[in-house]
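Working through the structure, step by step
Residue-level listing of the chains:
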Amino acid sequence: MKKTTQFLTTLVFLSLSIFISCGGDDAPTPPDVRIAQGALATGTFSESGVTADNSAREEWDGFSLTMTYDATTFTGGFTATGVPSNDGASAVWPASGTWTFGGTAEAPDLNTIVRSDGVSMDANISATALTLSFNIPEAAPRTFDGNWVFSFSK
C-alpha cells in the first residue's frame, strides 16, 4: 500500500509539472510598425521641389538626402549633400545627423520624423517618394526661417 501511495503521489506531481510547464498558445508578436516604415525611409532621395512659405527655393536644386535606419535601435541617420553655401542654410539641413520617428515606443507616430537637432518634421514616406514639412524658427538667419516643404524622389 505504501508503494502504491508513493507511486500515485509521484504520478500526481509529474502530471502537475507537465500541465504547469505547458504554456498557452500565445499569438506571435507582430513586427514593430517602425521597421517597415524605416525600411521605406532608407535610401538616397533626390530633391524634386523645395518651398519656403509657399515660395519655390531654387538654391536647393541638386540637393539630396541619404537616410539609413537601424531596426534594432529604431534610430536612423542622414547625410545631406548639395546644401547651399548661403549662411544659415545649415539651419534648414545640417550636413549629417540622426533621426527617430515621433511619438513613443508604445505608440510611434510614423508620420513624424524628429532630427537630432530637435526639428520635428511631418513626413509622408512611400517606396518612391518622401515629403518632409517643417518649421525653422526666427532664430535662424531671416532668409531661412519659415515653413519648409522638401519633396524628394527615390
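Below or above, wherever it landed, is the structure these notes cover. (Residues numbered from 1 in each chain as written. Predicted model: local features only at pLDDT ≥ 70, side-chain atom pairs only at ≥ 80, totals over all residues. Heavy atoms only, no water.)

Some words on the overall build of the chain
- Each helix and strand counted, the chain has three helices and nine strands in total.
- Reading the secondary structure of the chain in the N-to-C direction produces α-α-β-β-β-β-α-β-β-β-β-β.
- Looking at the chain residue by residue over its 154 residues, the buried ones come to 31%.
- Sequence separation of 24 or more characterises 45% of the internal contacts of the chain that already satisfy a separation of 6 or more.
- Here the chain displays about 9200 Å² of accessible surface, and carbon together with sulfur accounts for 58% of that area. (Helix = DSSP H or I, 4+ residues; strand = E, 2+ residues; numbered from the N terminus. Buried < 20%, exposed > 50% of the residue type's maximum accessible area, 1.4 Å probe, protein only. Contact = heavy atoms within 4.5 Å. Areas by Shrake-Rupley, 256 points an atom, 1.4 Å probe, with all protein chains shown as cover.)

Some details on the side chain of glutamine 37
- Counting through the fold element by element, glutamine 37 comes out in helix H2 (residues 33-40).
- Overall, glutamine 37 belongs to the buried group, its relative accessible area being 14%.
- What glutamine 37 contacts, discounting residues up to four positions off in sequence, is Phe101, Leu110 and Ile125.

Quick notes on the pattern of salt bridges
- One pass over the full model with this rule turns up three salt bridges.
- Note that arginine 34 is salt-bridged to aspartate 32, the shortest N-O span being 2.8 Å.
- Residue class for arginine 34 comes out buried when judged on its relative accessible area of 11%.
- Of the residues examined, aspartate 32 reaches a relative accessible area of 25% and is grouped as partly exposed.
- Between aspartate 117 and arginine 115 there is a salt bridge whose closest N-O contact spans 2.9 Å.
- Residue class for arginine 115 comes out buried when judged on its relative accessible area of 3%. (Salt bridge = Lys/Arg side-chain N within 4 Å of Asp/Glu carboxyl O.)

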